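The lines below spell out each chain.
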Amino acid sequence: EVEYWWFELFEMARKLCMTSVLVFVSVGSLGQILVGLIVIFASFVVTFSSLPYVNRNLDRCQLFALASQFIVLQYGLVLHLDVSNETSQSEKAIVNAVMLMLNGAIFFL
């Protein structure tokens, strides 16, 4: 929508943060995952509160994609904190399948 001209700049800043800026935050660390979660959560809140697209289906698609990224990062956080390695291979396979379905579902919206 016209009044949300700034949203493209915001979206490009989010993408820049998620692809380039996070590289400089302790690679592979808990802090890197947490910064990613904060960026995605903030983006979700801004997108949800403004609904910037003319077509409501595009708004829903964007929100679903952000929620999917948030869930994937949370899974990464769980894997990072799983120092006991008590998770079985079958449980990991189930979670991996859910992650694939979640990310693939965006194409069917």
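For the structure itself, consult the block above.
My aim in this report is to walk through the structure given alongside it, one point at a time.

Parameters at a glance
- Residues numbered from 1 in each chain as written.
- Predicted model: local features only at pLDDT ≥ 70, side-chain atom pairs only at ≥ 80, totals over all residues.
- Heavy atoms only, no water.
- Helix = DSSP H or I, 4+ residues; strand = E, 2+ residues; numbered from the N terminus.
- Polar contact = N/O pair within 3.5 Å; in protein donor to acceptor, adjacent residues only side chain to side chain.
- Contact = heavy atoms within 4.5 Å.
- Patch = residues over 30% accessible without salt bridge, like charges linked within 9 Å, V, L, I, M, F, W, Y side chains within 5 Å.
- Areas by Shrake-Rupley, 256 points an atom, 1.4 Å probe, with all protein chains shown as cover.
- Salt bridge = Lys/Arg side-chain N within 4 Å of Asp/Glu carboxyl O.
- Core = buried A, V, L, I, M, F, W, Y, C linked by side-chain atoms within 4.5 Å.
- Buried < 20%, exposed > 50% of the residue type's maximum accessible area, 1.4 Å probe, protein only.
- Axes fitted to C-alpha atoms, helices over the stretch in contact; angles between N-to-C directions.
- Parallel < 35°, antiparallel > 145°, perpendicular 65-115°, else oblique.
- Left-handed = near helix turned anticlockwise from the far one by under 90°.
- Nonpolar A, V, L, I, M, F, W, Y, C, P; charged D, E, K, R; others polar.

Below, the discussion takes up the side chain of E11. In this fold, E11 is placed in helix α1 (residues 7-19). Within the structure, E11 has its side chain in polar contact with the side chain of Q62 (distance 3.2 Å).

Its location among the elements puts Q62 in helix α3 (residues 56-81). Discounting chain neighbours no more than four positions away, the residues touching Q62 are E11, R14, T47 and Y53.

Attention now goes to a nonpolar patch on the surface. The grouping of V23, F24 and V27 at the surface amounts to a nonpolar patch, some 370 Å² of accessible area in total. With respect to the secondary-structure elements, V27 resides in the loop between α1 and α2 (30-50).

Turning our eyes to something else, we now look at the nonpolar core. Listed in full, the six residues of the largest apolar core are I33, L37, I40, L66, L73 and L77. Elements that contribute at least two residues to this core include exactly α2 and α3. With residues up to four places along the chain from it excluded, the contact list for I40 reads R14, M18, L66, Q69, F70 and L73.

Time to look at the packing of α1 against α2. Describing two packed helices takes the angle between their axes plus the distance from one axis to the other. Two elements in contact, α1 and α2, have axes separated by 10 Å at closest approach and are oriented at 165°. Relative to α2, the element α1 lies roughly antiparallel. Viewed along their axes, α1 and α2 form a crossing whose handedness is left-handed. Two secondary-structure elements touch here, α1 through F7, F10, R14, C17 and M18 and α2 through G36, V39, I40, A42, S43, V46 and T47. Residues belonging to the contact of α1 with α2 are distributed by class as follows: eight nonpolar, three polar and one charged.

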